[in-house]
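Coordinates in review
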Amino acid sequence: MTLRSFLQLLLLVATLCAAHLPAQAAPLAVTLSGRIIDADSRNAMPFLTLQLRTERDSAFTGGRLTSEAGGFTFTGVKPGTYILSTRAIGYQPVRQRVLVGELSAFLDLGLVLMRRETRTLGGVVVTANTDGVAATLDRRTITVADNISQTGGSVLQAMSTVPGVTVSQDGTVQIRGSDRVVVLIDGKQTALTGFGSQVGLGNLPASAVERIEIITNPSARFDANASAGIINLVLRKQEQRGFNGTAGFTGGAGALWVKRENLPTIRPQYRATPKLNPSLALNYRKGATNSFVQGDWLHAPTLNKNEFSTRTYDDGTVILQQVKRNRRTDYGTLKAGVDHAFDDHNTVNVSGLFNRERIIDNGDNPFFEGSLQNRYRLWQFLEDEVKYTAFGSAVITHSFPQPGHSLAITTNYSFHREDEQYFFTNTRPASVGRDAFKLLSDEHVVDLNADYIRPLRQGRIEAGFKSRYRSIPVNMQFFPGLDSPLDTGAGGWAKYRETIPAVYGNYVFENQRIELEGGLRLEGVRVDYDVNPDHNTYKSDGYRYLQLFPNMRAAYKFGDAHKLSLFVNRRVDRPNEVDIRIFPKYDEPELIKVGNPALKPQYATAAELGYKTSWTTGSVYAAAFQRIVDGTITRIATQAPGSVLLYNVFQNGGRSWSTGSELTWQQTLSPRLTLGANGNLFRRTVAAFSGTNQYPVPTTYAVPRQALTSGTLKANAMLQLPRDWQAQLSGIYLAPDLLPQGRIGGRFSLDLGSKVRVQRGKGEIVVNFTDLLNTNQATRTIRGTDFRLVSTDYLETQVIRVGYTRKF
């Protein structure tokens, strides 16, 4: 199917269904506070009657009495322009113009003076946000329950339809073409999703998540790591009074038919793989205490990889191969916590999370030279991997008398164990060898953070510090068999240690036309990587830096419905521990992946110019962006002299940059029909660079300058049907893109889902199809020093699910 026919099909279905972006961000609700005093004596003015009315039509918004100290608070105020009024015998009436913006949830009007002279104070005016793009234009918010076509799947699948986000075939999330993304859970880094990386998203059930926040331009209060952006997963949590909860179950099946038949002499592919996802969330709130517990389990056998490759060497040798991996995954998560308010100003939040993930892979990797009648190797493997994660967090918050004025102290501890065992059968024409290796890794992370927020009359200030200590001892043992390809001299132990102190400050200001936000983060990092002295290639290494990371946002508002914003920031991408891990990984016996302890961070400078306009039934957001990266981290494949093996090693390249544009559109055509689309178009360029892969022996390489125009196109559709039924269609097209030493071809997919509310709104039934046409596969082309590799992965992408949830 061509791109043109794909778009025609998508347009046809969109006329039958409705389209909308997967979620909508609710308008900001602002808290206004202040204090009324006598202008001359400075004494409090208690028990005065205040009224808040809209400036446009004098509609009554709220009334309050000042406290004995003259203080007042209005909550739940929507963005707009208001008049605050009060009067007292012997004083001139007060009519103060109050402009409520969308940058701050709390505004401090300060002292309101009662005197004979009228005094009018300034503020800000904005329009309410009606789509997933935040008013600050720096993030999107996606409610998982609204993404019908991916209900019952993983968080990774749920993000595949998010505007501006793509999911690669190897399971990594990319924002505007870059995978340098960090994933948070409830605003915190945990081992469950990785520190400075992204792991586990393909197995984390979407049923555990309430909403997903995509932050493309983070402020200084966030860790400087991850130049492409931040993804924050907000887990479900009930806070209703009394006992309440939600129970759900989703079942389904994948790999409904064979995309491509196996090469000769290997075991069958997984077919009709079952998917099971039960979930339960309970909450009990009484008085000042709220307790909650949430559990999710995902059982998901999957045809995780089914890649067919042709390797052509410059001397004419041709190698045909297949990597088939049948995977069984069992993923269970339990989270519990307690929130308690000691009084009106002091609260404590204590929570814990435990996760166990079991992965069993059975794989086949046949190799043929020249033709399928000449098999020279059959590599079969069994991987048995168990991961344990435990995370604990305690937050003590002191709220000052002024609403929104707070100091929060947070301490976190995270533990993650990775226990892997690999067993290989290496069948050659004249021998059969049995090899194995075992890896054990324990990760310990301790965080201590403080965050201070002080609302101002027209904005706020934020400040804080962060400290982290992270330790990861790893031990790898090899057990070679007959004619083994294992490099036993590359085993042993290694230890990763990371220390990060940081401080930050952030200032936000807004008035009727202008919004300004500026922040600065001072971050120091020390990484020591200790390598056992018997390793045959690598030695101990590490890096240190003390750097400033600024961010700036400036916006100008053309009336209530038009806004132009400029973002500039500097960020860093620190190598992950697995990027520098010294142990070779033998998923494939002739394509070996290994880390590089000499790897250093890459630094990125980004700028974005965005424009948003809204009207009653829709909105458009357009942006132009550029990101420049120095010391680009990338994998380089080289062939050791006299060997057919390829070694894929991380290296720091030279400079790379991406320049592009993004357009997001949403339009409600009728109460039953809404249309939405998102497109990204960018030009990615990688400057020429050269270097030396040290493993297993020094091998030089040279990568020429690469440039390619790529992009994404997404459309989401929903139709409001009779009897509370809804139907949603999501279409995704990913254009060809650059890879290290090569490129990946274009690919597209269609997802379809429907749901209905039952049992007077307390129950919900969902049916959906992922990759309806079974077309989501792409071809990769890699060009090395003296070889060319072309591969296509026909992994499982098509899944059908049926689910039911019940609130009580």
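Whatever comes next refers back to the structure up there.
Attention here is on the structure that accompanies the text. (Residues numbered from 1 in each chain as written. Predicted model: local features only at pLDDT ≥ 70, side-chain atom pairs only at ≥ 80, totals over all residues. Heavy atoms only, no water.)

Side note on the overall build of the protein chain
Along the backbone of the protein chain there are 3 helices and 46 strands. A globule of 808 residues ought to have a C-alpha radius of gyration of about 28 Å, and the protein chain, at 29 Å, matches this closely. When its C-alpha atoms are laid out on the principal axes, the protein chain stretches across 105 × 60 × 50 Å. Evaluated residue by residue, the protein chain yields a buried proportion of 57% over its 808 residues. Taken as two groups, the 91 positive and 72 negative side-chain charges of the protein chain have centres that lie 5 Å from each other. (Helix = DSSP H or I, 4+ residues; strand = E, 2+ residues; numbered from the N terminus. Rg over C-alpha atoms; globule rule 2.2 N^0.38 Å. Buried < 20%, exposed > 50% of the residue type's maximum accessible area, 1.4 Å probe, protein only. Lys, Arg positive; Asp, Glu negative; His and termini not counted. Charge placed at Lys NZ, Arg CZ, Asp CG, Glu CD.)

Description of the pairing of strand β19 (residues 346–369)
The pairing of strand β18 (residues 318–341) with β19 spans 21 bridges and is classified as antiparallel. Counted as the bridge partner of Asp339 is Asn349 from β19. Between the end of β18 and the start of β19, which pair antiparallel, lie 4 residues. Bridge count between β19 and strand β20 (residues 375–399): 23 bridges; the pairing is antiparallel. Bridge assignment links Asn365 to a residue of β20, and that residue is Trp379. A loop of 5 residues connects β19 with β20, the two strands running antiparallel in sequence, and Gly370 in this loop sits at a positive phi of about 85 degrees. (Pairing = 2+ DSSP bridges.)

Points about the sheet that holds strand β7 (residues 106–114)
What the 3 strands build is an open sheet, ordered β4-β1-β7; its pairing is mixed. Looking at which strands have only one partner, the edges of the open sheet turn out to be β4 (71–77) and β7. With strand direction ignored, the average angle separating the axes of adjacent strands in the sheet is 20 degrees. Pairing of strand β1 (residues 30–38) with β7 involves 7 bridges; the strand directions are parallel. If you follow Ile36 over to β7, its bridge partner there is Val112. (Axes fitted to C-alpha atoms, helices over the stretch in contact; angles between N-to-C directions.)

Topic: the packing of aromatic side chains
Tallied over the full model, the rule gives 19 aromatic pairs. Between Tyr422 and Phe424 the ring centres are 5.9 Å apart and the planes differ by 20 degrees, which places this aromatic pair in the stacked class. Among the aromatic residues, those joined into a ring-pair cluster are Trp379, Tyr422, Phe424, Phe437, Phe478 and Tyr586. Residue placement shows Arg176 over the ring face of Phe625; its charged tip is 4.4 Å from the ring centre. For Arg260, the ring lying beneath its charged end belongs to Phe308, and the centroid distance is 4.1 Å. (Phe/Tyr/Trp six-rings, centres within 6.5 Å; stacked < 30°, edge-to-face > 60°. Lys NZ or Arg CZ within 6 Å of the ring centre and 35° of its normal.)

Concerning the environment of Asn362
Of note, Asn362 is situated in strand β19. A residue is classified by how much of its surface remains accessible, and Asn362, at 28% relative accessible area, is partly exposed. Between the C-alpha atoms of Asn362 and Arg328, which are 34 residues apart in sequence, the distance is 8.7 Å. Discounting chain neighbours no more than four positions away, the residues touching Asn362 are Arg267, Lys324, Arg325, Asn326, Phe381 and Leu382. (Contact = heavy atoms within 4.5 Å.)

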